[in-house]
Amino acid sequence: MLIVGERINTSRKNILPAVENRDANFIVDTAKSQYNAGADYIDVNAGTLLGKEPDALVWLVKTVQDAVDVPLTIDSPNPEAIKLALMAHKGKAMINSITAETERYSQILPLIKEYNTKIIALAMDDSGIPTTAEGRLTAARKLVDALTSEGIQLDEIYVDPLVYPIATGSEYGKAVIDTISTIKKEYPGIHTICGLSNISHGLPVRKLLNQAFLVMCITVGLDSAIIDPLDQRLMGLLYASEALIGADEFCTEYLVAAREGKFEGIV
Ligand code: THG
């Protein structure tokens, strides 16, 4: 499982002032704690700063990578900000994200090629975010077929079905599950990724829903997740589910996590 740490995002109340004040220590601590908890990539998102976003994103890339040897997912609606962030990035970045929307697609594709990045492919097109699995699959297939025809390898593509709150439509969880399972069958070797926490928006005891949803997604083949790696129970369920579904050969990752004490305090 490829784990992307989600905590460096200006939509979080502690991160916003830290970025505005260029508080490098706070950002480095947030990066290190996620890395030590098992994050393979760290997401950086300064999207709420709008006009000040490009400078902030470049500062985040440099600040994190000066302190921690970890690649980043560059999470931005702004292609210009993504380009500047990629210029500052060391190693193999992941762009978050491309879509099948005509404009977004044409702006992001050259960046994937020029900077040889991994890419998160959102299952949406010019008609918006489809609510059904079939609609998401149509958008995802169009996008994946276009990317592969440009020479991008399936192993570099992370399809994100886009998670909607089940409080706004009781079938939205199932739509994500069906999208993941179908994409994995149709494109062997491709990756799937989710930001899980949107599933529980508007409901009480959100962590319970996030945890159950992660297990369900892993069962049908989710192999990457944008999560808070400091949530020990979520991480425990992640390692356990991977071992149980046969995605962790010889249960190696589960055993290492147990030996490192990652499950202490949750059982
Ligand atoms: N797919 C892709 N990228 C994404 C998302 C996705 N990037 C942004 C988001 N979704 C994933 N990242 C976060 C980051 C922080 C939080 C949730 C998702 C978070 N949320 C708390 C909440 O919702 O209650 C807020 C807590 C706080 O304010 O501190 O922390 O789906 N490709």
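Since we're looking at a predicted model, the values are computed, not measured.

### Things to note about the packing of helix α8 (residues 206-219) against helix α9 (residues 232-245)
The axes of two packed helices give the description: the angle between them and the distance between them.
Part 1 of the argument: Their axes nearest at 9 Å, the elements α8 and α9 cross at an angle of 25°. Judged by the angle between their axes, α8 and α9 are roughly parallel. Remark: the crossing between α8 and α9 carries right-handed chirality. Counted together, Asn210, Gln211, Leu214, Val215, Ile218 and Thr219 of α8 and Arg233, Leu234, Leu237, Leu238, Ser241, Glu242 and Ile245 of α9 form the full contact between these two elements.

### Observations regarding the nonpolar core
For soluble globular proteins, the rule of thumb is that nonpolar side chains tend to be buried together.
Part 1 of the argument: Counting residues in hydrophobic clusters, the biggest one holds 50 residues, and the most contacted among them are Ile27, Val44, Ile74, Ile98, Ile112, Leu147 and Ile157.
Part 2 of the argument: Counting residues per element, this core draws most heavily on helix α3 (residues 53-67), at seven residues.
Part 3 of the argument: Counting 23 residues, the second-largest nonpolar core is a separate cluster that includes Met1, Ile177, Ile180 and Phe263.

### Details of the environment of Met216
Part 1 of the argument: Looking at the secondary structure, you find Met216 in helix α8.
Part 2 of the argument: Its relative accessible area of 43% is what places Met216 among the partly exposed residues.
Part 3 of the argument: Between the alpha carbons of Met216 and Lys174 there is a distance of 9.5 Å; along the sequence they are 42 residues apart.

### Let's talk about the site of the ligand
Part 1 of the argument: Lining the immediate surroundings of the ligand are 14 residues, of which Arg12, Asp75, Asn96, Asp160 and Arg206 lie closest.
Part 2 of the argument: Take Arg12: an N or O atom from its side chain is 3.4 Å from an oxygen atom of the ligand.
Part 3 of the argument: Measuring from an oxygen atom of the ligand, one finds a side-chain N or O atom of Arg206 at 3.1 Å.
Part 4 of the argument: Counting atoms within 2 Å of the grid points, the majority share of the ligand lands in the largest pocket.
Part 5 of the argument: Of all the secondary structure elements, the ones that give two or more residues to the shell around the ligand are β1 (2-9) and β5 (118-122).
Part 6 of the argument: Of the residues contributing to the shell around the ligand, the split by class is three nonpolar, five polar and six charged.

### A closer look at the pattern of salt bridges
Part 1 of the argument: A complete count under the given rule lists eleven salt bridges for this structure.
Part 2 of the argument: Linking Lys118 and Glu156 is a salt bridge whose minimum nitrogen-to-oxygen distance equals 3.8 Å. Placement of Lys118 in strand β5 and of Glu156 in the loop between α6 (133-149) and β6 (157-160) is noted, with a sequence separation of 38 residues between them. Taken as a pair, Lys118 and Glu156 share a single burial class, namely buried.
Part 3 of the argument: Residues Glu260 and Lys262 are paired through a salt bridge, measuring 3.0 Å at the closest nitrogen-oxygen approach.
Part 4 of the argument: Connected through salt bridges with shared partners, the residues Lys92, Lys118 and Glu156 form a single ionic network.

### Focus on helix α4 (residues 79-88)
Part 1 of the argument: Within the sequence span of α4, burial applies to Pro79, Ala81, Ile82, Ala85, Leu86 and Ala88.
Part 2 of the argument: In the core, the buried residues of α4 are packed alongside α3, β3 (72-75), β4 (94-98) and α5 (102-115).
Part 3 of the argument: By the N-cap criterion, in which a side-chain oxygen at the helix start approaches the backbone nitrogen of a residue two or three places on, α4 is capped by Asn78, the distance to Glu80 being 2.9 Å.

### With respect to the layout of surface pockets
Think of a ball as big as a water molecule: rolled over the atoms, this probe shows where empty space is left.
Part 1 of the argument: For the largest pocket, the calculated volume is near 920 Å³.
Part 2 of the argument: Looking at the largest pocket, it is lined by 32 residues, and the ones nearest its centre are Glu6, Gly195, Ser197, Asn198 and Ile226.
Part 3 of the argument: Looking at the lining of the largest pocket, the elements that each hand over two or more residues are β1, β2 (41-45), β4, α8 and β8 (224-227).
Part 4 of the argument: With four residues, α8 is the largest single contributor of residues to the lining of the largest pocket.
Part 5 of the argument: Residue composition of the lining of the largest pocket, by class: nine nonpolar, 13 polar and ten charged.

### A word on the sheet that holds β1
The pairing of strands in a sheet comes from backbone hydrogen bonds and takes either a parallel or an antiparallel form.
Part 1 of the argument: Sheet architecture is closed into a barrel: eight strands sit in the order β1-β2-β3-β4-β5-β6-β7-β8, paired in parallel fashion. Across this sheet, the average inter-strand angle for adjacent strands is 25°, counted without regard to direction.
Part 2 of the argument: Where α6 meets the sheet, it contacts β4, β5 and β6, and its direction lies at approximately 165° from that of β6.

### A few points about the environment of Leu50
Part 1 of the argument: The residue Leu50 is located in the loop between β2 and α3 in this model.
Part 2 of the argument: In this structure the C-alpha to C-alpha distance between Leu50 and Ile82, which are 32 residues apart in sequence, comes to 13 Å.

### Comments concerning the side chain of Asp228
Part 1 of the argument: Mapped onto the elements, Asp228 comes out in the loop between β8 and α9.
Part 2 of the argument: Once residues within four sequence positions are removed from consideration, Asp228 is found in contact with Glu6, Arg7 and Leu234.

Thresholds, definitions, all that
- Residues numbered from 1 in each chain as written.
- Predicted model: local features only at pLDDT ≥ 70, side-chain atom pairs only at ≥ 80, totals over all residues.
- Heavy atoms only, no water.
- Axes fitted to C-alpha atoms, helices over the stretch in contact; angles between N-to-C directions.
- Helix = DSSP H or I, 4+ residues; strand = E, 2+ residues; numbered from the N terminus.
- Parallel < 35°, antiparallel > 145°, perpendicular 65-115°, else oblique.
- Left-handed = near helix turned anticlockwise from the far one by under 90°.
- Contact = heavy atoms within 4.5 Å.
- Core = buried A, V, L, I, M, F, W, Y, C linked by side-chain atoms within 4.5 Å.
- Buried < 20%, exposed > 50% of the residue type's maximum accessible area, 1.4 Å probe, protein only.
- Near = heavy atom within 4 Å.
- Polar contact = N/O pair within 3.5 Å; in protein donor to acceptor, adjacent residues only side chain to side chain.
- 1 Å grid on protein atoms, 1.4 Å probe; cavity = no way out; pocket = protein on both sides within 12 Å on 5 of 7 lines; lining within 4 Å.
- Sits in = over half its atoms within 2 Å of the grid points.
- Nonpolar A, V, L, I, M, F, W, Y, C, P; charged D, E, K, R; others polar.
- Salt bridge = Lys/Arg side-chain N within 4 Å of Asp/Glu carboxyl O.
- Points joined across faces, edges and corners; volume = space filled by probe spheres on them.
- Pairing = 2+ DSSP bridges.

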